[in-house]
Amino acid sequence: MIRPPAWLALTTAAALVTLTPSPAAALVTPAPSSPAAGTAPDPSAATASATPVPSSSAAPADDEGPEQIVNGTFDTGTAPWWSTGNTTPEVEDGRLCADVPGGTVNPWDVIIGQNDIPLVKDETYAFSFFGAAAPGRVAKALVQLPVDPYTQYLSANPELSVSGNDYTYTFTSPVDLPGAQVAFQLGGSATPWRFCVDNVSLKGGAEPDVYKPDTGPRVRVNMVGYLPSGPKRATLVTEKTEPVGWKLRRGGELVAEGDTVPRGVDGSSGQNVHTVDFGSVTAPGTGYTLEADGETSRPFDIGADVYGDLRADALKFYYTQRSGIEILDSLRPGYGRPAGHVGVAPNQGDVEVPCRPGVCDYTLNVAGGWYDAGDHGKYVVNGGISVHQLMAAYERAKADGIHEDGDLDIPESGNGVPDILDEARWEQEFLLSMQVPDGKPHRGMAHHKIHDAAWTGLPLLPHLDPQRRELHPVSTAATLNLAATAAQAARLFAPYDAAFAARNLTAARKAWAAAKADPARYADPADGVGGGAYSDGDVTDEFYWAAAELYITTGEKEFRDFVLASPHHTADVWRERGFDWGNTAPLGRLQLAAVPNALPDRARVRESVLEGADKYLAVQKAHPYGLPYNPPDFDWGSNNLVLNNMVVMAVAHDISGEAKYRDGVLEGLDYIFGRNALNQSYVTGYGEVASKNQHSRWYARQLDPSLPNPPRGTLAGGPNSSIQDPVAQAKLRGCKPQFCYIDDIESWATNELTINWNSPLAWIASYLATPAAPGSCKVAYTVHGQWPDGFNAQVTITNTGTTAIEGWTLRWSFLGGQTVRRHWSTHLSQDGATVTAKNLSWNKTLKPGGSVTFGFLGADAPGPDPRPERFLLNGTLCR
Ligand code: 9MR
């Protein structure tokens, strides 16, 4: 048996010293842990290092300043320390100890603190204490402004043990402040525990502790690996300016060698770098290493399946982000949790949500959907692009057989619908529920968002969130996101659930009309308390995207004319910074290019995607880390922008078949998986060193070891030059773009996870899972006759190769509702929108140069019936 320490046994015997809570304590609310939109970098932030070091090794500086803490040794009782009213500190064995009640929600719900501590601008302080917890747990130690906005000059998360440890942190004060606050925030635990602290000290004159990320070997590779047929490049960080030799080894054996190419100083990292090209090596294998300039890279593989699990992992992320449903541990071992926000206390639930005061007079049932990110908010604008990209990943490859029923281990697996569509529907149903009902003001528009009335702290599982939930005003942007995704859902769900498809189309038309009638109702950029603002002052791009989806689904003149007249239809929409939730014109353009439709200038639209991709290829070629994104400062969520630029390249590859575009996608992934200045992968579980502490209230292992890290396949937002959060500000001040990232759960500006960042990852991984190399075939699909509800089509397959094809299976997909009826010279079957044609015994041989023709009668559902464009013969692509 482990004996409790003496101080725990003494609890009841000890004399109780009750303190009057400081008035400031009652006021303590957090700095937002997910930020408001547009949050500017706080110019008053500190530079700090919060790495705990044993006090014994933290040698005091010569010019150590005076002690700033009054009675940090508790020799004279507990004054002037104060506490919140729910705990009663007492002196025990010369330490301050307190029973911390269970059942509180946020760290700041239980505090022991001291006020009136002067800080001098630019002075570096050492903050140290002894701390213990029974049972052990992570607490929060802060030096901060004692009033709103509670700017944190030091924020540390010491992992306290039963026997206790000494902790020392240093920080440099950015302000002159006569009365700062030292606070131990102890709340947020379901169960009670006991906290003890001693020797609390704050002294100036400390050595600034400069944060230096551990970047490992200077040879930077894609740690996950390289495809045998893809490009293979690496980056060497070195002082040298002349070429140096490199050696590629496997199991100690030399495989290839050559010289590096000096590339000068890279602006995105500030490093002098060279590149290595070992693309001539194609032999699959594990355990390759690359040596140059006396350094050896981390090991990597070359193999056709290095990304084999990525599609499923990136998509499985969404099930564990679901709101309104229990997450089954049997489906996601280690991630099971009760349903969040279904109206079970302490949740106030999303089943009957009122508006913010004065906004509306009704409640809506908006349960379900995905939580946006590490917070518990649900936002229509961001939900829109996320669910769109999942549906687009499916739509692109309907005939490829890579998205199947049962492939994501979700509750709906086995229902006959591809899992990716089931997952998308979970969100789409939520988006539909955000539409203002008939008979109410703004009917047909969508509420911009629903989230907590106030920010909550970390960790906090969804079902434990006690905050009031509120609907925020409607916006044109949200309404158009709904119109776009509902139009897309209408055609994709048509073969599986006609009623759901029809419901979506009705909602899309209604949303479109409502947005047209109220085209500039913008979300308030200041509406960022308790959730992000997601405001956008230009929604002409959302109009373009929605019109494009509505046109593809309906073929109607109104939407075609809108698309053709939109300035976004002909403008250069390919921003170097990439596209995202607030820049959606590229979504419209990509859809019009990729999904079959009868737009008169479609050839030009498709050509424009190649122009965009060429632009990103040029950026990538010039970048010594192979990044297809290189603005002078990196944006919030830069990794999703990098990936979205890769989406443009991938669609260009689909359109043209040109290998350079696919190579661009692959080289872009090298950056995501380790060929970068930090030498780390940004996807949890991928590569030897990978992000794992993404900002999240429920994958908060860094703050509570009983919770999990994010699931495998979770993308971190990535470097963000504006470093808005206190941890990034404390440690990354002055960072070159690639260095503006830290894998710390509190760094919400650089290290959050979100549904719209995993969606391009899932899209790209899906793209990689489909056949790339063109097969030796050509397909001609001709419609010979069309009547109101049917058509007559003929298909000719030609073998363009030099060997005979013995037995053939051809697959394609329809846009939505068409079905095949009678057929001849083949055996035809249909599953959803996908048709499979198989040879009969007499026409199974396709000689080189030979062809076979078959035909069928199809029934046409209402709406357009464009000719299919993607054909797979025996699993290879016919162009
Ligand atoms: O991803 C969003 C980014 O583009 C914005 O610049 C930023 C500030 O408005 O907000 C980001 O979105 C956050 C949202 O507001 C709240 N949930 C977490 C999101 C990711 O950090």
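Residues numbered from 1 in each chain as written. Predicted model: local features only at pLDDT ≥ 70, side-chain atom pairs only at ≥ 80, totals over all residues. Heavy atoms only, no water.

### Points about the state of the cysteines
On inspection of all chains with the given rule, the structure shows four disulfides. Across a sulfur-sulfur distance of 2.0 Å, Cys 355 and Cys 360 are joined as a disulfide pair. Judged by the sign of its S-S torsion, about 100°, the bond between Cys 355 and Cys 360 is right-handed. We classify Cys 355 as buried; its relative accessible area is 8%. (Disulfide = S-S within 2.5 Å. Buried < 20%, exposed > 50% of the residue type's maximum accessible area, 1.4 Å probe, protein only.)

### Some details on the pattern of salt bridges
For the structure on display, the rule yields 52 salt bridges. Measuring nitrogen to oxygen at the nearest pair gives 2.5 Å for the salt bridge that ties Glu 746 to Lys 140. In this pair, Glu 746 sits in the loop between helix H14 (726-732) and helix H15 (755-769) while Lys 140 sits in strand S8 (residues 140-144), placing the two residues 606 residues apart along the sequence. The residues Glu 746 and Lys 140 share a single accessibility class, namely buried. (Salt bridge = Lys/Arg side-chain N within 4 Å of Asp/Glu carboxyl O. Helix = DSSP H or I, 4+ residues; strand = E, 2+ residues; numbered from the N terminus.)

### Considering the pairing of strand S30 (residues 777-787)
The two faces of a sheet get side chains in turn, since along a regular strand they alternate between them. Two elements, S30 and strand S31 (residues 790-799), share 10 bridges in a ladder whose sense is antiparallel. From the neighbouring strand, Thr 782 faces S31, where its bridge partner is Gln 794. (Pairing = 2+ DSSP bridges.)

### Quick word on the sheet that holds strand S28 (residues 469-471)
The three strands are arranged S25-S27-S28 in an open sheet whose pairing can be described as antiparallel. In the strand order of this sheet, the two ends are held by strand S25 (378-379) and S28, each with one partner. As paired elements, strand S27 (residues 449-452) and S28 share three bridges and run antiparallel to each other. What sits directly across from Asp 452, in S28, is Arg 469.

### With respect to the nonpolar core
Counting 144 residues, the largest nonpolar core has Tyr 307, Leu 592, Val 609, Phe 673, Trp 763 and Ile 764 as its most contacted members. Filtering out sequence-adjacent residues up to four positions away, Tyr 307 remains in contact with Asn 222, Val 224, Gly 225, Leu 227, Leu 666, Leu 669, Asp 670, Phe 673 and Leu 768. Core analysis: the next-biggest nonpolar cluster, separate from the first, contains 36 residues, Trp 81, Val 175, Phe 195 and Leu 202 among them. (Core = buried A, V, L, I, M, F, W, Y, C linked by side-chain atoms within 4.5 Å. Contact = heavy atoms within 4.5 Å.)

Fair warning: the whole summary comes from geometry, so function is off the table for now.
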